[in-house]
Amino acid sequence: MTTPLLSIVIAIDGPAASGKSTLAEKLAKKLGFFYFDTGVMYRAVTLAVMEHGINVDDEDLITKLANEIDIDVQPPSKQDGRMMDVLVEGKDVTWEIRTPGVDQNVSKISAYAGVRTAMTNQQRRIGMRGDVVMVGRDIGTVVFPDAEYKIYLDASPEERANRRYKEKIARGEIASYQEILSSIKRRDKIDSTRTIAPLKIAQDAIIIDTDGKTIEEVLEETLSHLHIKPKNVG
Ligand code: DC
């Protein structure tokens, strides 16, 4: 059972690197909504697991940790490219959760039932703070099945790998297209075949294929489906 929604939730789901975060951030800005990328919560648990030296196969201990950990998200406090602040026990971990080590372990940890229950509860609590654009894999199917709008953003693995590759190169990082592509395919497989809350398209979702489209085109297409008046924002 979910609590009836008093505020507007726009759920944006889709596979890794489909452009969900960029779209959601622009949408939130345009509409004056809070931006909330739920993937950061699974990333924060994964970081804590690694920092505590816990074996990634130890589901019981990781579930215990997920139930005890204090994770919060807040609007960005710095202009260093972040879209929001991610806090674990009050400590800013916004960038630590984006390391390759976290990338590698997060799909496994986010498939644990107890971890999902703990995170889903926290996501509902945060999502109900006000009008929100929420990004994830199961927002429209599990977290907020009554969301006013559900967008499923898709793109081919090759297009997504190419985008991630370009982002890394632009940041001056060393990157291999082939490695990124196989990591994306591996994560797609884990995310869509796990037993609990797998990545799937909600029945009433609007599907937007982003292959070959610019972010502005995707934003326009998304806005054309929404009947929301932007709040008084710049
Ligand atoms: O979107 P992302 O790459 O930051 O997500 C990190 C991981 O968390 C990814 O393996 C999928 C998982 N995830 C999830 O299972 N459910 C969500 N609502 C968000 C992310």
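Residues numbered from 1 in each chain as written. Predicted model: local features only at pLDDT ≥ 70, side-chain atom pairs only at ≥ 80, totals over all residues. Heavy atoms only, no water.

*Asks:* Explain the site of the ligand to me, and be specific about the residues and the numbers.
*Replies:* Close to the ligand lie 15 residues; Arg43, Ser107, Arg116, Asp138 and Arg187 are nearest. Side-chain polar atom of Thr38 to a nitrogen atom of the ligand: 3.0 Å apart, as the coordinates give it. The side chain of Arg187 places a nitrogen or oxygen atom 2.5 Å from an oxygen atom of the ligand. In the complex, the protein chains occlude 96% of the 450 Å² of accessible area that the ligand would expose alone. Elements with a contribution of two residues or more to the shell around the ligand: helix H2 (39-51), helix H4 (100-109) and helix H8 (177-193). At three residues, the largest contribution of residues to the shell around the ligand is made by H2. Broken down by class, the residue content of the shell around the ligand amounts to two nonpolar, five polar and eight charged. (Near = heavy atom within 4 Å. Polar contact = N/O pair within 3.5 Å; in protein donor to acceptor, adjacent residues only side chain to side chain. Areas by Shrake-Rupley, 256 points an atom, 1.4 Å probe, with all protein chains shown as cover. Helix = DSSP H or I, 4+ residues; strand = E, 2+ residues; numbered from the N terminus. Nonpolar A, V, L, I, M, F, W, Y, C, P; charged D, E, K, R; others polar.)

*Asks:* Account for the pattern of salt bridges, naming residues and giving values.
*Replies:* Under the definition given, this model contains 20 salt bridges. We note a salt bridge from Asp57 to Lys108, for which the minimum N-O separation is 2.5 Å. Here the residue Asp57 occupies a position in the loop between H2 and helix H3 (59-68), and Lys108 occupies one in helix H4, the gap between them amounting to 51 residues. Residue class for Lys108 comes out partly exposed when judged on its relative accessible area of 36%. Where Arg171 meets Glu173, a salt bridge forms, and the shortest distance between an N and an O atom there is 2.9 Å. (Salt bridge = Lys/Arg side-chain N within 4 Å of Asp/Glu carboxyl O. Buried < 20%, exposed > 50% of the residue type's maximum accessible area, 1.4 Å probe, protein only.)

*Asks:* How would you sum up the pairing of strand S8 (residues 206-209)? Please name residues and give values.
*Replies:* Within a regular beta strand, the side chains point alternately toward one face of the sheet and then the other, so they alternate between its two faces. Side chains Ile206 and Ile208 project from S8 onto a buried face, and the interleaved Ile207 and Asp209 project onto a face without burial. One ladder, built from four bridges, connects strand S7 (residues 149-154) with S8; its direction is parallel. Of the residues in S8, the one forming a bridge with Asp154 is Asp209. (Pairing = 2+ DSSP bridges.)

*Asks:* I'd like to hear about the sheet that holds strand S5 (residues 91-92), residue by residue, with values.
*Replies:* Read across the open sheet, the three strands follow the order S3-S4-S5; overall the sheet is antiparallel. The two strands at the open ends of the sheet, each matched to only one other strand, are strand S3 (71-74) and S5. Across four bridges, S3 lies against strand S4 (residues 85-88) in antiparallel orientation. Paired with Asp72 across the bridge in S4 is Leu87.

*Asks:* Explain the nonpolar core to me, using residue names and the numbers behind them.
*Replies:* Judged by nonpolar contacts, the single largest core of 58 residues is most densely connected at Ile10, Phe36 and Met119. With eight residues, H2 is the largest single contributor of residues to this core. In contact with Ile10, not counting residues within four places along its chain, are Leu27, Leu31, Phe33, Val132, Val133, Met134, Tyr149, Ile151, Leu226 and Ile228. The next biggest cluster of nonpolar side chains, apart from the first, holds five residues, and it includes Ala17, Ala161, Ile180 and Ile184. (Core = buried A, V, L, I, M, F, W, Y, C linked by side-chain atoms within 4.5 Å. Contact = heavy atoms within 4.5 Å.)

*Asks:* I'd love a proper account of the packing of aromatic side chains, names of residues and values included.
*Replies:* Taken as a whole and assessed by the stated rule, the structure comprises one aromatic pair. Ring geometry for Tyr165 against Tyr177: centres 6.5 Å apart, planes inclined by 90°, an arrangement best described as edge-to-face. Of the two residues, Tyr165 sits in helix H7 (residues 157-170) while Tyr177 sits in helix H8, which places them twelve residues apart along the sequence. (Phe/Tyr/Trp six-rings, centres within 6.5 Å; stacked < 30°, edge-to-face > 60°.)

*Asks:* How would you summarise unusual backbone geometry if you had to cite specific residues and measurements?
*Replies:* At Ala17, a position not held by glycine, the phi torsion is positive, near 60°. Within the secondary structure layout, Ala17 lies in the loop between strand S1 (9-13) and helix H1 (20-31). A relative accessible area of 11% places Ala17 in the buried class. Phi is positive for Glu89, close to 50°, though the residue is something other than glycine. Relative to the helices and strands, Glu89 resides in the loop between S4 and S5. Residue class for Glu89 comes out exposed when judged on its relative accessible area of 53%.

*Asks:* Let's hear about H7: which residues, and what values?
*Replies:* Taking 1.5 Å per residue, 14 residues should reach 20 Å; H7 reaches 20 Å between its end C-alpha atoms and fits that length. The first or second residue beyond H7 is Gly172, which carries a positive phi of 80°. (Expected span 1.5 Å × (residues − 1).)

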